[in-house]
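Remarks on the overall topology
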Amino acid sequence: MTVRTFIPLAAVVVAIFALAATPAAAFNNQQAADFLGGLQERAVAELSDASISDSEKEDRFRRLFNQSFDVPAIGRFVLGRYWRGASQQDRDAFLAVFEDVIVQRFLPLLTENSDARFEIGTVTPIKDRNDVAFVNSQIPRAEGEPYKVSWRIREREGQYKILDIRAEGVSMAQTLRSEYGTVIRQNGGKLNALTAALREKVSGGAFAPQ
């Protein structure tokens, strides 16, 4: 049984909470760009304080993650039909360890790269949807072309949430759906087998940056 770390987007999510507040074409209006800019401001204010403990920094990161990403929606998508067939208890257990994976993988990177900045660009509407769009951006690199990153963002009742990140055309949610689905199929369709595998890897620090 294997669960791979999501290496290809590591450089992208380093800056998840370090978004520049550059004016951009709005997703219906300027509020989408304001959402990303506000996320950057909160991250700088809450995660760059060298005086706070590691546990407090982790608590703040978790709070920002849950406020900015639609974690249940991402969980439903990456599990697909296995979500629909799971009990609420198994769903909750998966979402809890999924959050642990994100924290272990990306909090150290964010701490070490707090100066990273996105250049927010155009907004691309999704056909037949008036509540979801891709906010396009670039992450400058010291050498080579910038990383091209698109954020799939949904608005619901005035609240904006991130549903997915695409780096150079590669979707984080689609990649995890493929990886997690393979593990579940290899274990008789049991979601708790994936949850246990992820929990074991988190316990061993397998998702921490090397």
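Residues numbered from 1 in each chain as written. Predicted model: local features only at pLDDT ≥ 70, side-chain atom pairs only at ≥ 80, totals over all residues. Heavy atoms only, no water.

The strand order across the open sheet built from five strands is β1-β2-β3-β4-β5, with neighbouring strands paired in antiparallel fashion. A strand with exactly one partner marks an edge of an open sheet, and here the two such strands are β1 (119–125) and β5 (170–171). In terms of strand pairing, strand β3 (residues 147–156) meets strand β4 (residues 159–167) through eight bridges, oriented antiparallel. Bridge assignment links Arg154 to a residue of β4, and that residue is Lys161. (Pairing = 2+ DSSP bridges. Helix = DSSP H or I, 4+ residues; strand = E, 2+ residues; numbered from the N terminus.)

Moving on: the packing of aromatic side chains. On inspection of all chains with the given rule, the structure shows five aromatic pairs. Plain terms: the ring middles of Phe65 and Phe69 are 5.2 Å apart, the flat faces sit at 35° to each other, and that makes the pair tilted. Taken as a pair, Phe65 and Phe69 share a single burial class, namely buried. Ring plane angle 85° and centroid distance 5.9 Å describe the contact between Phe94 and Tyr180, whose orientation is recorded as edge-to-face. Note that Phe94 is positioned in helix α6 (residues 88–112) and Tyr180 in helix α7 (residues 172–186), a separation of 86 residues in sequence. Here Phe94 and Tyr180 have matching classes, each one buried. Through a chain of ring-to-ring contacts, the aromatic side chains of Phe94, Phe98 and Tyr180 assemble into a single cluster. (Phe/Tyr/Trp six-rings, centres within 6.5 Å; stacked < 30°, edge-to-face > 60°. Buried < 20%, exposed > 50% of the residue type's maximum accessible area, 1.4 Å probe, protein only.)

For the protein, the average pLDDT comes to 81, and 80% of its residues sit at 70 or higher. Summarising per-element confidence for the protein, the mean pLDDT is lowest in helix α1 (residues 10–13) (48) and highest in helix α8 (residues 191–203) (96). Segment residues 5–12 is flagged for pLDDT under 50; beyond a separation of four residues in sequence, or across chains, it makes 23 contacts in the model. Long-range and interchain partners of residues 14–27, a stretch whose pLDDT sits below 50, account for 57 contacts in this model, where long-range means more than four residues apart. (pLDDT = per-residue confidence, 0-100. Contact = heavy atoms within 4.5 Å.)

Our next topic: the pairing of strand β2 (residues 132–139). For β2, a buried count of seven out of eight residues is recorded, marking the element as mostly surrounded by other parts of the structure. Across five bridges, β1 lies against β2 in antiparallel orientation. The residue of β2 that forms the bridge with Val123 is Val135. Between the antiparallel neighbours β1 and β2 lie six residues, among them Asp128 with a positive phi of about 65°. Sheet analysis places β2 next to β3, joined by eight bridges and oriented antiparallel. Looking at β3, one finds that Ser137 is bridged to Val149.

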